[in-house]
Amino acid sequence: MLCPFCLTNQKNLQNIERDGIPKLLCPKCKEAIPSRYIADYKTCPPVVVSVVGFRGHGKTVYCASLFYAMRRSGLASIWPGFFTTALNEESLDTVIANSSMLEKGELPPSTVKNFPRPTLLQIYGIPGYPPRTLLFYDTAGEVFERASAISRYAGFIMRAHTVLFLVSIRDLENPAPEMARLLNTYIIGLEELGGNPSMQNLVVVLTQADRWLAAIEGFPKIREHLVRGSIAHLANSGNYVQTLQAISSELRYFLLTKVNAHEFVHAAEKFFKSTRFCAVSALGAAPMGHKLQTKVVPKRVLDPLIWLMEYSLTPWQRFLIKLRS
Ligand SMILES: Nc1nc2c(ncn2[C@@H]2O[C@H](COP(=O)(O)OP(=O)(O)OP(=O)(O)O)[C@@H](O)[C@H]2O)c(=O)[nH]1
Ligand SMILES: [Mg+2]
Ligand SMILES: [Zn+2]
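Small disclaimer: the values here were computed from a predicted structure and weren't measured.

K.L.:
A description of the layout of surface pockets should follow, citing residues and the corresponding values.
P.N.:
Taken as a whole, the second largest pocket spans an internal volume of roughly 560 Å³. Along its surface, the second largest pocket is lined by 31 residues, and Gly56, His57, Gly58, Val61 and Gln208 are the ones closest to its centre. Broken down by element, the lining of the second largest pocket gets its largest block of residues, 4 residues, from helix α2 (residues 59–72). Residues of the lining of the second largest pocket, tallied by class, amount to 12 nonpolar, 13 polar and 6 charged.

Written out as structure tokens, the structure reads:
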């Protein structure tokens, strides 16, 4: 079993009693493993959500907006059988605190550099996908500046089959070389940890799309996808992965022709198992300082999650889903 806290595989958990209550501990990190995680391990297997990106590029706000979209935006009334459930008190606190913060128009503070604690969330009822336990890992962007810091503070990247690589192009003075540097640093950090990018799917998430949407001429598909990107547009969206695939190709072309990110795109496609592109606006509009000026309207924040779900399918599950559709 994969320990959700230290992400090592453990066969024998330790039985102990705390205040008269039986607990099962990971023998390595000594964390108490939530009983539902153990009970549902086969039917609701873990998926590591590894969020990577420079400082201030929108990692924490993206996670908060995703929690908000999943729990406060009425998604459960659109997708029959959809719900999420936190697996421990700490995760529930994180999910509630972050989604209420956005609801109240506030933003989370910058993340401090430490060994991040995962937010454990089971997710049921995404159309076409079996249930999964998402283990969200979000750390300070500062960590991704140096490969040595990655290997020290972001060991979680090693255990992720899919990495969410968040980039805010408007926050980079020279986006093309900066993106290539981030990717290069990530690959070195991953390899220092003993990982191999060829075993990972890379999902490049262009964040804060509300800041660059108006400026993209010649990409009507991307614009329309983002403008019509609120949660309500997910109902009857047909084969959504096909739509995401088309958007990914458009964004790839956008990065090549408008951002000149050839090196980034070519290196990503050479080294990773697969590379896909998507774009989100976690807030829907620019905030003023640490306050939102309008109600939060997340745009396409579920797209990276759908890629994660897609890549978490076993070949057999994928075959069955294809057969059914
Ligand atoms: N316009 C706009 N601004 C955003 C959006 N998402 C995030 N921001 C801005 O970006 C700032 C930083 O976002 P965070 O999510 O805290 O960034 P981070 O990547 O977690 O940063 P570190 O924790 O320091 O690594 C926020 O305070 C917002 O001002 C968005 O969707 N649109
Ligand atoms: Mg952060
Ligand atoms: Zn552990």
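K.L.:
Mind laying out empty space enclosed by the protein, listing which residues take part and the relevant values?
P.N.:
For the structure on display, the rule yields 2 cavities of 30 Å³ or more. Taken as a whole, the second largest cavity holds about 30 Å³ of empty space. Forming the boundary of the second largest cavity are Leu283, Ala285, Ala286, Leu292, Gln293, Thr294, Lys295 and Val296. Of the residues assigned to the lining of the second largest cavity, the class counts are 5 nonpolar, 2 polar and 1 charged.

K.L.:
How would you summarise the coordination of the magnesium ion (ligand 2) if you had to cite specific residues and measurements?
P.N.:
Protein coordination at the magnesium ion (ligand 2): the donors are Thr60 (OG1) and Thr111 (OG1), at 2.0 Å from the metal. Taken together, the residues threonine 60 in helix α2 and threonine 111 in the loop between α4 (89–103) and β5 (119–124) connect sequence positions 51 residues apart.

K.L.:
Tell me about the nonpolar core, and name the residues and values.
P.N.:
Counting residues in hydrophobic clusters, the biggest one holds 58 residues, and the most contacted among them are Trp212 and Phe254. For this core, the element with the highest residue contribution is helix α6 (residues 175–192), accounting for 6 residues. Built from parts of two domains, this core gets at least three residues from each of domain 1 (1–33) and domain 2 (43–324). Val61, Leu134, Phe136 and Tyr311 belong to the second largest nonpolar core, which has 47 residues in total.

K.L.:
Quick one: what's the story with the site of ligand 1, residue by residue and with numbers?
P.N.:
The immediate surroundings of ligand 1 are formed by 22 residues, with Lys59, Val61, Ser110, Gly141 and Asp210 found nearest. Within the contact set of ligand 1, an oxygen atom lies 2.8 Å away from a backbone nitrogen or oxygen of glycine 56. Within the complex, 91% of the 660 Å² of free accessible area of ligand 1 lies under protein. Here ligand 1 occupies the second largest pocket. For the shell around ligand 1, the class distribution of residues is 9 nonpolar, 9 polar and 4 charged.

K.L.:
How would you summarise the coordination of the zinc ion (ligand 3) if you had to cite specific residues and measurements?
P.N.:
Within the protein, the atoms that donate to the zinc ion (ligand 3) are Cys3 (SG), Cys6 (SG), Cys26 (SG) and Cys29 (SG), at distances of 2.2 to 2.3 Å. For the zinc ion (ligand 3), the 4 donor atoms in the first shell make angles of 105 to 115° at the metal, a pattern classed as tetrahedral. Sequence positions of the residues that donate to the zinc ion (ligand 3) give the spacing C-x2-C-x19-C-x2-C. On the criterion of sequence distance, the pair formed by cysteine 3 in the segment before β1 (14–18) and cysteine 29 in the loop between β2 (21–25) and α1 (35–39) is long-range, its members being 26 residues apart.

K.L.:
Describe in detail the pattern of salt bridges, supporting the description with residues and values.
P.N.:
For the coordinates displayed, the defined rule picks out 13 salt bridges. In this structure, glutamate 31 and arginine 117 form a salt bridge, with 2.4 Å as the shortest nitrogen-oxygen distance. Residue glutamate 31 is found in the loop between β2 and α1, and its partner arginine 117 is found in the loop between α4 and β5; the two are separated by 86 residues along the sequence. When the shortest N-O distance is used, the salt bridge between glutamate 178 and arginine 181 registers 3.3 Å. Of this pair, glutamate 178 and arginine 181 both sit in helix α6, 3 residues apart, which is roughly one turn of the helix. On the basis of relative accessibility, which here comes to 32%, the residue arginine 181 falls in the partly exposed class.

Definitions and cut-offs
- Residues numbered from 1 in each chain as written.
- Chains lettered and ligands numbered in written order.
- Predicted model: local features only at pLDDT ≥ 70, side-chain atom pairs only at ≥ 80, totals over all residues.
- Heavy atoms only, no water.
- 1 Å grid on protein atoms, 1.4 Å probe; cavity = no way out; pocket = protein on both sides within 12 Å on 5 of 7 lines; lining within 4 Å.
- Points joined across faces, edges and corners; volume = space filled by probe spheres on them.
- Helix = DSSP H or I, 4+ residues; strand = E, 2+ residues; numbered from the N terminus.
- Nonpolar A, V, L, I, M, F, W, Y, C, P; charged D, E, K, R; others polar.
- Donors = N, O, S within 2.8 Å, 3.2 Å for Na, K, Ca; no water.
- Core = buried A, V, L, I, M, F, W, Y, C linked by side-chain atoms within 4.5 Å.
- Buried < 20%, exposed > 50% of the residue type's maximum accessible area, 1.4 Å probe, protein only.
- Domains from an automatic or database assignment.
- Near = heavy atom within 4 Å.
- Polar contact = N/O pair within 3.5 Å; in protein donor to acceptor, adjacent residues only side chain to side chain.
- Areas by Shrake-Rupley, 256 points an atom, 1.4 Å probe, with all protein chains shown as cover.
- Sits in = over half its atoms within 2 Å of the grid points.
- Tetrahedral: all angles 85-135°; square planar, octahedral: opposite > 155°, others 65-115°.
- Salt bridge = Lys/Arg side-chain N within 4 Å of Asp/Glu carboxyl O.

None of this, on its own, says anything about what the molecule does.
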